[in-house]
Amino acid sequence: MHASTAAEHSPPHAHACLDAPRRPRAGWKSCVVGGLLLGMTGCQSMSNSAPLMAQPDPLATAPPIQQGLDADSLNQLLSAELAGQRGDYPRAANGYLAASRHFDDPELARRAVLAARFADNPALLERAAERWQQLDESASEPGIIRARLAVERGDWQAALEQRLMLTASGGNGNLATLAEQAIDAGAELEPLLAMLETHIAQHPEQPMPEIAAALFEAALGDETAARARLVSLESAHATLAELWLARSEIERSAGRLEAARRAVARGLEIAPDDSRLILSAAQTELASGDLDAARERIDSLITRHPNAPRLRLALASLYLDADSPEDAHRLLLPLLDEDPVPDAAYALLGLAAESSGDVDNAILYYRQVPDGERYISSRARAAQLLVEHERTDEARQFLAVERLRHPRHAMTLLSFEIDLLDSQEAHAEAEALLSSSITTRRKALKQAIATQETDTRNTLESELGSLLFLRGIRRLEDDQLGGMEEDLREVIALEPDNASAYNALGYTLLVETDRLEEALALIERAHALSPDDAAILDSLGWGRYLTDDLDNALAPLEAAWAQQQDAEIGAHLIEVLWALGREDEARGLAVELSERFEEASELEALFQHIPELRPVVDAP
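Draft legend 1. Highlighting the packing of helix α14 (residues 257-270) against helix α15 (residues 275-288). The N-to-C vectors of α14 and α15 enclose an angle of 155°; their axes lie 9 Å apart at closest approach. The pairing of α14 with α15 is recorded here as roughly antiparallel in orientation. Note on packing geometry: the crossing formed by α14 with α15 is left-handed. For the pair formed by α14 and α15, the contact residues are Leu257, Ala260, Arg261, Val264, Gly267 and Leu268 on the first element and Leu277, Ile278, Ser280, Ala281, Thr284, Ala287 and Ser288 on the second.

Draft legend 2. Representation of the pattern of salt bridges. Counted under the stated rule, the structure contains 51 salt bridges. Here aspartate 274 and arginine 276 are joined by a salt bridge, their closest N and O atoms 2.8 Å apart. In this pair, the class of aspartate 274 matches that of arginine 276, namely buried. Linking arginine 405 and glutamate 402 is a salt bridge whose minimum nitrogen-to-oxygen distance equals 2.8 Å. Of this pair, arginine 405 and glutamate 402 both sit in helix α22 (residues 392-405), three residues apart, which is roughly one turn of that helix. Its relative accessible area of 0% is what places glutamate 402 among the buried residues. Through salt bridges that share partners, Asp292, Arg295, Asp299, Asp327 and Arg330 make up one connected network.

Draft legend 3. The arrangement of the side chain of arginine 247 in detail. You can see arginine 247 is positioned in helix α13 (residues 241-253). A polar contact of 2.4 Å, which involves the side chain of arginine 247, links it to the side chain of glutamate 234.

Draft legend 4. A look at unusual backbone geometry. In the segment running from aspartate 339 into proline 340, the intervening peptide bond is cis, with an omega of 0°. Residue position: proline 340 is located in the loop between α18 (325-332) and α19 (343-355). In this structure, aspartate 104 takes a positive phi of about 55° despite not being glycine. Mapped onto the elements, aspartate 104 comes out in the loop between α4 (89-103) and α5 (106-119).

Calculation notes
- Residues numbered from 1 in each chain as written.
- Predicted model: local features only at pLDDT ≥ 70, side-chain atom pairs only at ≥ 80, totals over all residues.
- Heavy atoms only, no water.
- Axes fitted to C-alpha atoms, helices over the stretch in contact; angles between N-to-C directions.
- Helix = DSSP H or I, 4+ residues; strand = E, 2+ residues; numbered from the N terminus.
- Parallel < 35°, antiparallel > 145°, perpendicular 65-115°, else oblique.
- Left-handed = near helix turned anticlockwise from the far one by under 90°.
- Contact = heavy atoms within 4.5 Å.
- Salt bridge = Lys/Arg side-chain N within 4 Å of Asp/Glu carboxyl O.
- Buried < 20%, exposed > 50% of the residue type's maximum accessible area, 1.4 Å probe, protein only.
- Polar contact = N/O pair within 3.5 Å; in protein donor to acceptor, adjacent residues only side chain to side chain.

Below, the structure written as structure tokens:
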């Protein structure tokens, strides 16, 4: 079957890497910690976790609406006011927003924003902020709100657009912070840099867009241009702390630690109390191995921000990167007194204990990570640690208990246990676990059908289908074609709309048997269910080629290649191009694939089949 099919459509597997708070690429860690220091509230979510009725009225300080009211609009505003007093903030926000459209009054739009903040509805808040911005171009807050919302949804160009509008009007657009956030998030930087360049041409007197552009240039690998851009700012803006902060970040990222140290020292001369510069100095000292100096600076940051758990988490992560788990542990322990304890605290404490060689405590911490985004990775790491220390039976018992405690994660934990057994070459035990799980769910499904428990039946059918799919793929790898077909036929019976099962079975029959027409029919059914899936498009094109439908083979292969450029799809596309007489295109693509996938078995098989396609440099 297609190589990507099993990976993309089999049950999700847990991985051993712990998903502690995601660490940015080397050299850019201040975009996590520095952003916290720049504004402890500015980076927080719009939602408010305190009970609504326990909070002060968010509209209490809003100015009154005093003119322009008719009977209908007065009723509308009163309804909005009453809704706000009852805590029905979505209705209040929508009421004020509708009134702002009727009267073109920015104060109404401002009240809509105040109510929308408490509604925990980003789309509603976006609409209200946009309306406020339309009615009062001088107001900075709606642009800040819209930029923050754009960051939350990953729309970096929209975020930068809002920040540049604020900067153009003389406000603080926090462009450097936004640049660091975009870099850390892996955003496409070239369009953002182009937007900055356009703004710089229109506002050459503003230094912050230049600094943000330098950060983008350095992240794109053009450190020379970034350095030159910042040097050119020194004559007019030498007292700007952000200039020296950016210089220190760029130099440290390039491994020029002495230059980074000089830059941050210049910044601290200008702004000795700037927490961002103190952090940058600490990071440079950590990179230089001066742990004592870094510890002194980090402790000063904690003293300055005693009630900032996210800052503690980020600084602890820096200590772990610097191979100082004891310091990380010291920073994290106070977080255990928080209510609730941040789940990342348990995860990082686990990492710190593990780095110190304290396996049992690491496992205890990992087991306390609550059900959430870090749950699976923490349990996976705990089990992996046990296996690494030759405690496989204990790891299996641990995972079995976790499946009972957290049924919604049972399938993922089961899949991870199977992977662990395979990694220990205990394939027979892995097969036994998988087969017993299938038998258990078959019996439970039969009972759910008999008692007409619809929700339970749906869950069991999905779980059984996933397990059968997994076993089918494993059987194929063991050359048990009949068993694989039996399992996938059962998956299709359970889930008649499972495109992946149709494709996996169809492709297997296509390449492993002479049942080509039957195979193509299965693939066509998969394509009807999921017409844009790259693996299915590849199967369809290849199936048509093997059944002599050459004219209709190329289009799906080209579509698959456009989506997913892997060696197998490329090899299929090359062979079809060659068969169509488009030999120059086939040779060109063969050269490209040879450079990108040197060891790919699919390419070697293609070159064995059509020796003329082998690039000259690869010829034996």
